[in-house]
Amino acid sequence: MSFYTPDTVLCNGETFKLYISKEQIQTRIAEIGMQIDADYEGKKPIFIGVLNGSFIFLADLMRHVSIPCEVDFFKLSSYGDEKVSSGKVTKLKDLDAQIKGRHVIIVEDIVDTGLSMSYIMKQIKEAGPASVRIVTLLHKPGATKYDVTIDYIAFEIPTLFVLGYGLDYAQEGRNLAQIYVIDDSKDE
Ligand code: IMP
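These notes cover the structure that comes with them. All values derive from a computational prediction rather than experimental measurement.

**Describing the overall build of the protein**
Within the protein, the regular secondary structure consists of three helices and ten strands. What you see in the protein, going N to C, is helices and strands ordered as β-β-α-β-α-β-β-β-α-β-β-β-β. Referenced to the eigenvectors of the C-alpha coordinate spread, the extents of the protein come out at roughly 55 × 35 × 25 Å. Classification of the 188 residues of the protein by burial places 46% in the buried group. When contacts within the protein are restricted to residue pairs at least 6 apart in sequence, those whose partners lie at least 24 apart make up 68%. Of the roughly 9500 Å² that the protein leaves accessible, carbon and sulfur atoms contribute 49%. Within the protein, one finds 20 positive and 27 negative side-chain charges whose respective centroids are separated by 6 Å.

**Things to note about the sheet that holds strand 4 (residues 70–76)**
With mixed pairing, the six strands of this open sheet are ordered in space as 5-4-3-6-7-8. At either end of the open sheet lies a strand with only one pairing partner, and these are strand 5 (91–93) and strand 8 (152–156). When the angles between neighbouring strand axes are averaged without regard to direction, this sheet yields 25°. Taken together, the two bridges between strand 4 and strand 5 define a ladder with antiparallel strand orientation. Counted as the bridge partner of Leu76 is Lys91 from strand 5. Packed onto the sheet, helix 2 (residues 55–62) meets strand 3 (46–51), strand 4, strand 6 (103–111) and strand 7 (131–139) and runs at close to 160° relative to strand 3.

**Brief notes about the nonpolar core**
Ile36, Leu137 and Leu138 are the most contacted members of the largest nonpolar core, which totals 28 residues. Contributing elements (two or more residues each) for this core: helix 1 (22–39), helix 2, strand 6, strand 7, strand 8 and strand 10 (179–182). Leaving out residues up to four positions away in the same chain, Leu137 has contacts with Ile25, Phe57, Glu108, Asp109, Ala154, Phe155, Tyr165, Leu167 and Ile179. The next biggest cluster of nonpolar side chains, apart from the first, holds 18 residues, and it includes Phe74, Leu76, Ile134 and Ile150.

**A closer look at the sheet that holds strand 1 (residues 8–11)**
An order of 1-2-10-9 is seen for the four strands of this open sheet, with the pairing classed as antiparallel. Only two strands of the sheet have a single partner each, and these edge strands are strand 1 and strand 9 (162–163).

**Thoughts on the side chain of Arg174**
Its place among the elements puts Arg174 in the loop between strand 9 and strand 10. Given a relative accessible area of 11%, Arg174 falls into the buried group. A distance of 2.9 Å separates the side chain of Arg174 from the backbone oxygen of Gly166, its partner in a polar contact. Look past the residues within four positions of Arg174 in its chain and what remains in contact with it is Asn52, Gly53, Phe55, Ile56, Gly164, Tyr165, Gly166, Leu167 and Asp168.

**Things to note about helix 3 (residues 115–126)**
Counted at 1.5 Å a residue, the expected span for helix 3 with its twelve residues is 16 Å, and the 17 Å between its end C-alpha atoms agrees. Turning to helix 3, its buried residues number three or more, namely Leu115, Met117, Ile120, Met121 and Ile124. Structurally, helix 3 contributes buried residues whose contacts are with strand 3, strand 4, strand 6 and strand 7. The positive-phi residue at the C-terminal boundary of helix 3 is Gly128, with phi of around 75°.

**Comments concerning the pattern of salt bridges**
In the structure shown here, the tally under the stated rule is twelve salt bridges. Residue Asp183 is joined to Lys17 by a salt bridge in which the shortest nitrogen-to-oxygen separation is 3.9 Å. Taken together, the residues span a long stretch of sequence, with Asp183 in the segment after strand 10 and Lys17 in strand 2 (residues 14–20) at a distance of 166 residues. We classify Asp183 as buried; its relative accessible area is 8%. Of the charged contacts in the structure, one is a salt bridge between Glu126 and Lys122, with a shortest N-O distance of 3.3 Å. Residue Glu126 and its partner Lys122 are both found in helix 3; the two are separated by four residues, about one turn of the helix. Glu126 sits in the exposed class, given a relative accessible area of 60%. Connected through shared salt-bridge partners, Lys44, Glu70 and Arg102 make up one network.

So, how was this worked out
In this convention, every chain numbers its residues from 1, walking through the sequence in written order. pLDDT decides what is reported in this predicted model: residues at 70 or higher carry local features, side-chain atom pairs at 80 or more are listed and counted, and totals for whole chains, interfaces and linings draw on all residues regardless. For side-chain calculations, the full set of non-hydrogen atoms in the structure is used, while hydrogens and water are omitted. Here a helix means four or more residues in a row that DSSP labels H or I, a strand means two or more in a row labelled E, and each is numbered from the N terminus. Three exposure classes are used, based on accessible area relative to the maximum for each residue type with a 1.4 Å probe and protein chains only: buried under 20%, partly exposed in between, and exposed over 50%. Whether two residues are in contact is decided by their heavy atoms: any pair within 4.5 Å suffices. In these tables, accessible area is a Shrake-Rupley quantity obtained with a 1.4 Å probe, and a residue counts as shielded only by the protein chains included in the view. Asp and Glu count as negative and Lys and Arg as positive, but His and the ends of the chain are not part of the count. Think of each charge as sitting on NZ of Lys, CZ of Arg, CG of Asp or CD of Glu. Here a strand pair is declared whenever DSSP counts at least two bridges between the two strands. Axis angles are defined between N-to-C directions and span 0 to 180 degrees, where every axis is a line fitted to C-alpha atoms and, for a helix, only to the segment in contact. To qualify as a nonpolar core, a set must consist of buried Ala, Val, Leu, Ile, Met, Phe, Trp, Tyr and Cys residues joined through side-chain atoms within 4.5 Å. Whenever a nitrogen or oxygen atom comes within 3.5 Å of another N or O atom, the pair is scored as a polar contact, on the condition that within protein one atom can donate a hydrogen and the other can accept it, and that pairs from neighbouring residues in sequence are kept only if both atoms are in side chains. Helix span, as expected, comes to 1.5 Å for every residue beyond the first. Salt-bridge detection follows one rule: a side-chain nitrogen of Lys or Arg within 4 Å of a carboxyl oxygen of Asp or Glu.

Right, here's the structure in full:
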């Protein structure tokens, strides 16, 4: 099977170049999977994927976890079609699973301002889980304004707009198997 891994990609009229390769992503995910195996031994955690962006990361991460575990999904409104956060969060799909007394691991694609994560954390905590931790593929510490503690971070990145591996630009680009960033050299 061949994954979609171009060196550059045109998405909604903008050129993006490779930023984090498939190999780098998979290496970090394997490491985090091993860490979760060790941290949750005997606990049967439930992964809560935040749709849409986390679906590819979650699918790969879960396949590196070998302890018994479950999955459910929470869906939030996203950026819309822009490259900057709208500053508003709306719940589009609630959890189906009962998480009272469960060990919850929230799985995000990216923590940017932290607004979405603080909103989800509040909702999850109200349901009375035994514990809650956060795992994110990407974190932009320079952009984070809300108080969120992230337990597992695959990559910390500067405040840049990125695309691929589940992350979109106006709903496109999620199918890229690597992470891309705007290629500014094309503007010069
Ligand atoms: P936050 O609420 O500002 O932390 O933003 C979280 C959501 O914004 C993520 O789950 C993504 O859907 C979206 N997002 C933030 N940064 C980017 C980016 O660089 N590329 C694509 N989507 C992003």
